[in-house]
Structure formats: structure tokens, C-alpha cells
Amino acid sequence: MAKVLAIAGFGCDGIVDPSSKQDKAREQFSLGEKYHNGDDAPKSYERAISYYEKAAEYGHAEAQYSLGKMYHTGDGVEQDFQLAEAWYRKSAEQGFAKAQNNLGGMYREGKGVPQDFQLALDWYRKAAEQGLAQAQFNMGAMYWTGDGVPQDFQLALDWYHRAAEQGLAQAQNSLGVLYWNGDGVPQDFKQAMDWHTKAAEQGHVGAQVILGGRYYIGGEVPQDYQLAVKWNRKAAEQGVAGAQLILGLLYSNGLGIQQDDEQAVKWYRKAAEQGNKDAQLNLGNAYYVGSGVPKDARLAVDWYRKAAEQGDVDAQFNLGASYIRGDGVPQDHKQAYAWLSTSVANGNEKAKRDRDHVAKQLSFDGLTEAQAIAAKYFESYRP
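Remember, predicted model here, so these are calculated numbers, not experimental data.

A.B. asks: I keep staring at the overall build of the protein and nothing clicks. Help me out?
C.D. replies: When you go through the protein residue by residue, the secondary structure sums to 21 helices and 0 strands. The globule rule puts the C-alpha radius of gyration for 383 residues at 21 Å, and the 30 Å found for the protein is more than 25% above it. Expressed along its principal axes, the backbone C-alpha trace of the protein runs to roughly 110 × 45 × 40 Å. The buried share among the 383 residues of the protein stands at 45%. Pairs at least 24 apart in sequence give 45% of the contacts found in the protein among residues at least 6 apart. Where the 40 positive side-chain charges of the protein centre and where its 49 negative ones centre are 3 Å apart.

A.B. asks: For this particular structure, what's the right way to read the environment of W123?
C.D. replies: Take W123: it is sitting in helix α7 (residues 117-128). A sequence separation of 253 residues divides W123 from K376, and the C-alpha atoms of the two residues are 53 Å apart. When residues no more than four places from it in sequence are discounted, the contact partners of W123 are R89, A92, E93, Q100, N101, L103, G104 and Y107.

A.B. asks: Just checking my understanding: could you explain the environment of Y179 for this structure?
C.D. replies: Here Y179 shows up in helix α10 (residues 169-181). Accessibility expressed as a relative area gives 7% for Y179, which makes it buried. Along the chain, Y179 and V229 lie 50 residues apart, while their C-alpha atoms are 24 Å from each other. Non-local contacts of Y179, meaning those with residues more than four positions away in its chain, are made with L157, H161, V185, P186, Q187, D188, Q191, A192 and W195.

A.B. asks: I tried to follow helix α8 (residues 133-145) on my own but got confused; where do I start?
C.D. replies: Every α-helical turn comprises 3.6 residues, leaving residues that sit three or four positions apart pointing alike. Relative to the 18 Å expected for 13 residues at 1.5 Å per residue, α8 spans 18 Å between its end C-alpha atoms, a close match to the ideal helical length. Along α8, 10 of the 13 residues are buried, which leaves the element largely enclosed by surrounding structure. Turning to α8, its buried residues are A133, A135, Q136, F137, N138, M139, G140, A141, M142 and Y143. Lining the buried residues of α8 we find α6 (97-109), α7, α9 (153-164) and α10. Two residues or fewer past α8, G146 is found with a positive phi of approximately 70 degrees.

A.B. asks: Would you explain the pattern of salt bridges in this entry?
C.D. replies: For side chains bearing opposite charge, pairing can occur when the charged atoms are close. Per the counting criterion, the structure on display carries 12 salt bridges. Across the pair D23 and R26 runs a salt bridge whose closest N-O atoms are separated by 2.4 Å. Of this pair, D23 and R26 both sit in helix α2 (residues 18-37), 3 residues apart, which is roughly one turn of the helix. Overall, R26 belongs to the partly exposed group, its relative accessible area being 46%. Across the pair K111 and E109 runs a salt bridge whose closest N-O atoms are separated by 3.1 Å. For K111, a relative accessible area of 30% gives the class partly exposed.

A.B. asks: Looking at this structure, how should I read the environment of P383?
C.D. replies: Within the secondary structure, P383 is located in the segment after α21 (364-380). For P383, a relative accessible area of 62% corresponds to the exposed category. Linking P383 and Q310, residues 73 residues apart in sequence, is a C-alpha distance of 6.5 Å. Aside from chain neighbours lying at most four places away, what touches P383 is K277, Q310, G311, V313 and N346.

Conventions we followed
- Residues numbered from 1 in each chain as written.
- Predicted model: local features only at pLDDT ≥ 70, side-chain atom pairs only at ≥ 80, totals over all residues.
- Heavy atoms only, no water.
- Helix = DSSP H or I, 4+ residues; strand = E, 2+ residues; numbered from the N terminus.
- Rg over C-alpha atoms; globule rule 2.2 N^0.38 Å.
- Buried < 20%, exposed > 50% of the residue type's maximum accessible area, 1.4 Å probe, protein only.
- Contact = heavy atoms within 4.5 Å.
- Lys, Arg positive; Asp, Glu negative; His and termini not counted.
- Charge placed at Lys NZ, Arg CZ, Asp CG, Glu CD.
- Expected span 1.5 Å × (residues − 1).
- Salt bridge = Lys/Arg side-chain N within 4 Å of Asp/Glu carboxyl O.

Structure (C-alpha cells):
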């Protein structure tokens, strides 16, 4: 009988052997991971949860964390912040750093629990002091923004440094911003660029955008069009419209790369389709003159209109000029006046002469109507 009890996980006194429970928990957790990730087993969220729950009931902290994360993100289950919080808490109270960090995040955002910045900071700190880089970054972010705590750039810097030195790209990028602005540290553009570069080389798109922009503009750092091409391309390939625009400009002007109008149009289009008004204007210009695409006044007007309706004064001017000429649209002096007047009202002085010229082509009633249209446009289409 003693042997049977021992096999079942009990000692001779009928008490569960703790080491057997731990072995069972590890086994169940391992099976859960296999089904969750599809490693050496068909991917199955249902089976993953089943095994995670078995391990969690044995007190396995990482299984509890994994359950919390699945409910938190809705990964294979219906999203449920309260269940996520409950499982994170069980794990966090056993000292599991990732659960402590995520529980801090739930308090910070008020998901599954009432928003409480002090509790968020407390849980972040528990994880951060165990060396979890993401929690160290979160501590830094709270002190940087003053999010529920007194703003303290020095503490932000300290926590970001801890995370950055572990290689966390988010923290490296944030350190770059602190050094660039001189927040909590003497301003140091070289240090800033070094930290941004570390983050960018790990694929951090925000850092790539920053580097691409700074090398394109120059000023505090030497202008370097080749590096501008390198970093803007990396960000552009991740879908950042601003980087796509700059890459288009670099191709258009042959800066840091061989001049190529077709490539310029390709990148303008990607940015324009995301709603970037500068790219929409440039794409309109490309269609108007036939640069990198067949000349097409109608398409030029279409892109000018998209940019004009976002308040771009040059696009408003070009759209007005198109109505004057009847180029890509039927000739319409009222619409011409309305768009040119809107461009002027938004600060484009060069549109005044054409606006005043077209005003003379209108009757008194026509001008009155055009001015009413312009007032509506100005109200709707400001920069």
C-alpha cells in the first residue's frame, strides 16, 4: 500500500510529496507550451490552456503568468482583463517578475483593476529590482512623463540606463531622447545618436525614424545623405509614412543615392496612401509633369485634392490653378477662386496674385458665391 501511495505522489503519511507536485507542474506547463507554440505538437490554444491550468493549480508561477497573458491579449481565448489580473496576481505574489511587470501595467492602464499609479509603480519596482529590463523601462517611463508620480528626469535616466545596458531597444531610444534634450543629464548630441543607433540596429522603428530625419536635416549632427537613405529605408520598409516621404525626396534629388524618379514615385505613393499630405502633393506634382509616371492631369488633381483637404497650402494653390486652366478638371473660376483664397487665408502669399486675377473673371454674384465657398473651405481645410 505504501508503494501505491508513493507512486500516486503521497508519502506514507498520506501527504502529497511537494517534489512530485513540482514535477507534475513542470510537466503540465511544458505540454502547455508545446501546444501554445506548436512545438512538436499541433498548435492548440484549447489544449494549451488546459495544461496551463493544471500546472497553475499546482502553483506553477510561469503557467499562471502564461494564462494571465493569454487572457490579457485575447490570444486564443476571449479577452478577459479580470481573469488576466487574477492569474498575474497569483504568479506575481510568488515573485515571478514578468507577472509583476504585467500586473503593474494593468494598474497603470486601469484594465481589470481600478487605475492606480502607485500600485503600478510598486509592481514595476518589484520586477525591476529582479533585473527585468522591461520593468526597468516602465519605471523610467513613469518618471519621465510624471505619470502618476512626480516627474523626475534623473530617476528616468537611471532606470532607462539599467534597461538599455541589458540591450532593451525601447530604453536605448528613450535614453537618446533624454541626452538630445538634456533632460536629467547634460545635453550630448553624440551620446544621443549613439543610443539611437543601438536601438535602430535592433530594428526599433522610432529610432530609425529619428536617425533618418537627423541625418537628412543636419544641424546638430553632420548632414549625411547616405545614412539618411539607410535609416529612412529601414523605417520606410516598416511602413512609416514620414520615412517613405523622405526616401522619395532622396531618390527624387539624387541625394545619397542614384537619382531615380520611378523610385521616388514608388515611395511617395506608399506615404500618400497612408494620408501623408506632403507625399500626396509630391505625387500630384509627379503626375502633373510626368516625372516617374506617365503625365496625367486628372490623377494630379486627385492627389492635389487629397492634400488640399488636409490643409496643404501648396496643394490648395495647385488645385486652384488647375481649375483656372481646366487642367484635369472642368474649368471653373468659382472653384479656382475658392481654393486660391483658402491657400492665401492659410498663409500662402504667392497665391494672392492668381486669386485676384481670377476674381476679375467673375461677375458680382459669381464672386459672392465663390467667397462663400472659400469661407467653407477655409473652415474645413486648415493646416
